[in-house]
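Architecture and fold: a report
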Amino acid sequence: MSKKKIKTSSGIEIKEVYTELKNIELPGEFPFTRGIQKDMYRGKLWTMRQYAGFSTAFESNKRYHYLLSQGTTGLSVAFDLPTQIGYDSDHGMAEGEVGKVGVAIDSLKDMEILFDGIDLQKVSTSMTINATAGILLSMYICLAKKQGADLKQLSGTIQNDILKEYAARGTYIYPPKASMRLITDIFEYCSAELPKWNTISISGYHIREAGSTAVQELAFTLANGKAYLQAAIQKGLEINIFAKRLSFFFNCHNNFFEEIAKFRAARRMWAKLAQSLGAHDPSAQKLRFHTQTGGSTLTAQQPLNNIIRVTNQAMAAVLGGTQSLHTNGYDEALSLPTEGAAKVALRTQQIIAFESGVADTVDPLAGSFFIEALTDEIENAAWKYIDIIDSKGGAVAAIEEGYIQNEIAASAYQYQTEIEGSEIIQVGVNRFMDTEEVKPEGFKVDDAIRKVQIDQLVTLRSERNSLAVNQALNALADAVRKGENTMPFIIAAVDVYATLGEIADVLRKEFGEY
């Protein structure tokens, strides 16, 4: 009678013992399997970010000041759904959603409140925003100018990854080709004006949250990355310049060794892929990435167990060589994270960094028979997916055909079936359950904040220079029709307090909606 086979979440069979070892590369050298810097965390720890944003700009600003006081080293902004899909808080489509899953930002006025008392030149800011990324970045730029900051010193990231929105998440506005134009406009503008800003965070996180396997997350993310490289090259941009400011955003789930191997394989694959498209500068070949622990792995049952899950995932991300990390609050399966849960999540990173010893040497698991073999197997499986996507004409065509969405859906169904059949054990969910359970009180956002936002919009529109706003919006529409870079025109509109919805509507009219 044969033993039951043990597999990773991607279906890769795990042998009982591994004995082979291939050549081990050095960290900081092509293809960067072991890390993009020679000294990694011995030289500089990863950036400890905590993703936060809720209610009004004023309330979120208080949370940011709290996190900075607790030792977070970078801010990460969550925006509400209306902001993500280009609606002001007073739009009919915004009802019931204002401030719920992130902070409501209607204009530069809100951005001024959001970062009140925070020196943008001294903090690294990540903004999870896609369809309206150019507008929110423009607000950040205008605020930085008001603070007297040197734009060439600003550091941070906008997600700006629209392809995964079509495939997995859904907060898109415009058709794919128009969206790709806006993204490459940002590449071009920032290459000249914001050289330290990461112009895109190519996201596997949401692909994984939608139900993909680790291998699919890696393959589909890199396929999207390849599409962005090709689009920028077609626009006439130099890959050895703009590729230095691309970053990635990965998920980290529970299978400890699979996740570490995934990150190692990702660096190796991206280096080869970028090189094949003309990147010869090592900085343009390096895959730099932010990691967030797996939101979909958190359980509403026995929520304190999530502290252990997050610790396990965070440790895997660090051993995998992440440049930046967000750890989820243990109560996030129930609500937005409470202040106490956010503090525990940050302390988790700090304990790993300063007490565990895992940051003392570069790629400490290198040379493990198992890790090296698993890195190779994940890479090989991911290339097979990329070959299929290439045969369909690339990521955009594969998304339009529905191939990537269907693959993710099939994996999500398979996983849920295995949970319900107890083939996969979830502690507290299908094994070791409690008959009685006390759930912590969740964090709630007051529905009344929509009225606060609407009142502020009424005041803003009465006080601003309406003629200047109309002129700026007309100039943006004209630039779209002429094929000019849209960023300077969006910045000009933001600067005279045109609202996010007004700017997005100009683009809706010119590009259409998808």
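Below is a short write-up of the structure. These numbers come from a predicted model, not from an experiment.

Parameters at a glance
- Residues numbered from 1 in each chain as written.
- Predicted model: local features only at pLDDT ≥ 70, side-chain atom pairs only at ≥ 80, totals over all residues.
- Heavy atoms only, no water.
- Phe/Tyr/Trp six-rings, centres within 6.5 Å; stacked < 30°, edge-to-face > 60°.
- Helix = DSSP H or I, 4+ residues; strand = E, 2+ residues; numbered from the N terminus.
- Buried < 20%, exposed > 50% of the residue type's maximum accessible area, 1.4 Å probe, protein only.
- Lys, Arg positive; Asp, Glu negative; His and termini not counted.
- Salt bridge = Lys/Arg side-chain N within 4 Å of Asp/Glu carboxyl O.
- Contact = heavy atoms within 4.5 Å.
- Axes fitted to C-alpha atoms, helices over the stretch in contact; angles between N-to-C directions.
- Left-handed = near helix turned anticlockwise from the far one by under 90°.
- Nonpolar A, V, L, I, M, F, W, Y, C, P; charged D, E, K, R; others polar.
- Patch = residues over 30% accessible without salt bridge, like charges linked within 9 Å, V, L, I, M, F, W, Y side chains within 5 Å.
- Areas by Shrake-Rupley, 256 points an atom, 1.4 Å probe, with all protein chains shown as cover.
- Pairing = 2+ DSSP bridges.
- Right-handed = clockwise from strand over helix to strand, strands pointing away.
- Expected span 1.5 Å × (residues − 1).

1. Description of the packing of aromatic side chains
Per the counting criterion, the structure on display carries 19 aromatic pairs. Residues Y64 and F115 carry aromatic rings whose centres are separated by 6.3 Å and whose planes lie at 25 degrees to one another, so their mutual orientation is stacked. You can see Y64 sitting in helix 1 (residues 57-69) and its partner F115 sitting in the loop between helix 3 (108-114) and strand 3 (125-128), a full 51 residues away along the chain. The class of F115 is buried, set by a relative accessible area of 1%. Relative to F289, the ring of F263 lies with its centre 5.0 Å away and its plane at 20 degrees, an arrangement referred to as stacked.

2. Some thoughts on the side chain of D106
Within the secondary structure, D106 is located in the loop between helix 2 (81-84) and helix 3. Buried and unpaired, D106 has R461 as its nearest opposite-charge partner, separated by 7.2 Å. If sequence neighbours within four positions are ignored, D106 has contacts with Y87, D88, S89, M139, Q453, L457, T499 and L500.

3. Things to note about the side chain of E418
Structurally, E418 is set in helix 16 (residues 403-420). Among buried charged residues, E418 stands out as having no salt bridge; its nearest opposite-charge side chain is K7, 8.1 Å away. Discounting residues that sit within four places of it in the chain, E418 has contacts with E423 and I424.

4. Some thoughts on the packing of helix 1 against helix 13 (residues 339-355)
Between helix 1 and helix 13, the shortest axis-to-axis distance is 11 Å and the interhelical angle comes to 35 degrees. Crossing handedness for the pair helix 1 and helix 13: right-handed. Contacts from R63, Y66 and L67 in helix 1 reach E339, A342, K343 and L346 in helix 13. Within the contact of helix 1 with helix 13, the residues separate by chemical class into 4 nonpolar, no polar and 3 charged.

5. As for the environment of A231
Within the secondary structure, A231 sits in helix 8 (residues 214-234). Overall, A231 belongs to the buried group, its relative accessible area being 18%. For the pair A231 and K177, spaced 54 residues apart in the sequence, the C-alpha separation amounts to 9.7 Å. Filtering out sequence-adjacent residues up to four positions away, A231 remains in contact with M180 and T184.

6. Considerations on a nonpolar patch on the surface
The grouping of L21, I24 and F369 at the surface amounts to a nonpolar patch, some 240 Å² of accessible area in total. Its location among the elements puts L21 in the segment before strand 1 (47-52). Judged by its relative accessible area of 41%, L21 is partly exposed.

7. Side note on the pairing of strand 2 (residues 74-78)
Here strand 2 lies mainly inside the structure; 5 of its 5 residues are buried. Residues of strand 2 alternate between two faces, with G74, S76 and A78 on one and L75 and V77 on the opposite face, all of them buried. In the sheet, strand 1 pairs with strand 2 via 4 bridges, with the strands oriented parallel. Bridging across to strand 2, Q50 finds its partner in L75. Taken together, strand 1, helix 1 and strand 2 constitute a β-α-β crossover, and its handedness is right-handed. As paired strands, strand 2 and strand 3 are joined by 4 bridges and run parallel to one another. The residue bridging S76 from the neighbouring strand is S126, located in strand 3.

8. A word on the sheet that holds strand 7 (residues 246-252)
Ordered in space as 5-4-3-2-1-9-8-7-6, the 9 strands form an open sheet in which the pairing is parallel. The sheet terminates laterally at strand 5 (197-198) and strand 6 (200-203), the two strands that pair on one side only. The strands that helix 12 (residues 305-319) touches are strand 7, strand 8 (289-293) and strand 9 (324-326); relative to strand 8, the one it contacts most, it runs at about 165 degrees.

9. Quick notes on the packing of helix 14 (residues 369-391) against helix 16
In contact at an axis separation of 11 Å, helix 14 and helix 16 are set at 145 degrees when each is read in the N-to-C sense. Of the residues in helix 16, those in contact with Y385, I388 and I389 of helix 14 are Y403, I404 and E407. For the contact of helix 14 with helix 16, the per-class residue count stands at 5 nonpolar, no polar and 1 charged.

10. So, helix 13
A rise of 1.5 Å per residue sets the reference length of helix 13, with its 17 residues, at 24 Å; its end C-alpha atoms lie 23 Å apart and thus fit the reference within 8%. Residues of helix 13 that are buried make contact with strand 1, helix 1, helix 12 and strand 9.

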